[in-house]
Amino acid sequence: LQVESEEFRGLIRGKLELHADGSSLAIYGGIDADRGDLDLFSRRYYVDRASVHFDGSLDPLLDVRITHDFPDVTTVTEVHGRASKPELIMSSDPGTYSQGQLLGFLLGGEPGGDPQSGPLQSQVAGAGESYVANQIGGYVKKALPIDIDVLRYEAATATM
């Protein structure tokens, strides 16, 4: 199916089965986007893959990878795990930026200056973690027939 909306353009496919009885509800199957582009935080990202898989639970497994090419760096943002507790993994090529700096780029910042300087990380990390979680949660809430109350991002440390 070709999908075109304000935020996403691309091809999706999938099959979902809903099993219900008087006391329980289960969803099986998945929805996949093999390619496309996504507008996130006023920037266009290429969707390498996006998958939502239901294994009988109402809490699906996520596997998402999006990239953005800046002039000097390519950023990679991945979301894995259950929708109720997703794991946000950020990286870049070249890998000279900290998790805080990559989060700043995801939120609309631009690479530049000394990648080892820390002000961007300290300014963005606290507010950015909550903002990213809320944005991702908003997209997931729109797409799924379940209510998600909390998404959390925990910054990893970068070592060279």
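Residues numbered from 1 in each chain as written. Predicted model: local features only at pLDDT ≥ 70, side-chain atom pairs only at ≥ 80, totals over all residues. Heavy atoms only, no water.

Asker: Now, about the sheet that holds strand 2 (residues 8-20): what can you tell me, with residues and values included?
Answerer: Taking strand neighbours across the sheet as the criterion, the seven strands line up as 1-2-3-4-5-6-7 in an open arrangement whose pairing is antiparallel. One side of each edge strand has no neighbouring strand; the edge strands of this open sheet are strand 1 (2-4) and strand 7 (87-93). Averaged over all neighbouring strand pairs, the angle between strand axes comes to 20°, with direction disregarded. As judged from the seven bridges shared by strand 4 (residues 43-55) and strand 5 (residues 61-69), these two strands associate in the antiparallel manner. Looking at the pairing, His 53 lines up with Leu 61 of strand 5. (Pairing = 2+ DSSP bridges. Helix = DSSP H or I, 4+ residues; strand = E, 2+ residues; numbered from the N terminus. Axes fitted to C-alpha atoms, helices over the stretch in contact; angles between N-to-C directions.)

Asker: Describe the packing of aromatic side chains, listing the residues and the values that go with them.
Answerer: As enumerated under the stated definition, the model contains two aromatic pairs in all. Taken together, the ring pairs connect Phe 70, Tyr 97 and Phe 105 into an aromatic cluster. (Phe/Tyr/Trp six-rings, centres within 6.5 Å; stacked < 30°, edge-to-face > 60°.)

Asker: Tell me what's going on with the environment of Phe 41, and back it up with residues and numbers.
Answerer: For Phe 41, the position within the fold is in the loop between strand 3 (25-40) and strand 4. Relative accessible area serves as the criterion here: at 13%, Phe 41 is assigned to the buried category. Residues Phe 41 and Phe 105 lie 64 residues apart in sequence; the distance between their C-alpha atoms is 9.7 Å. (Buried < 20%, exposed > 50% of the residue type's maximum accessible area, 1.4 Å probe, protein only.)

Asker: Tell me what's going on with the pairing of strand 5, and back it up with residues and numbers.
Answerer: Between strand 4 and strand 5, which follow one another and run antiparallel, lie five residues, and Gly 56 among them has a positive phi close to 105°. The hairpin formed by strand 5 and strand 6 (residues 74-82) contains four residues between the paired strands.

Asker: Can you break down the confidence of the model for the protein chain residue by residue, with the values?
Answerer: On average, residues of the protein chain carry a pLDDT of 77, and 70% of them reach 70 or more. The low-confidence segment residues 113-127 (pLDDT under 50) makes 18 contacts with residues lying over four places distant or belonging to another chain. Counting contacts from residues 150-156, a segment whose pLDDT is below 50, to residues more than four positions away or on other chains yields 16 contacts. (pLDDT = per-residue confidence, 0-100. Contact = heavy atoms within 4.5 Å.)

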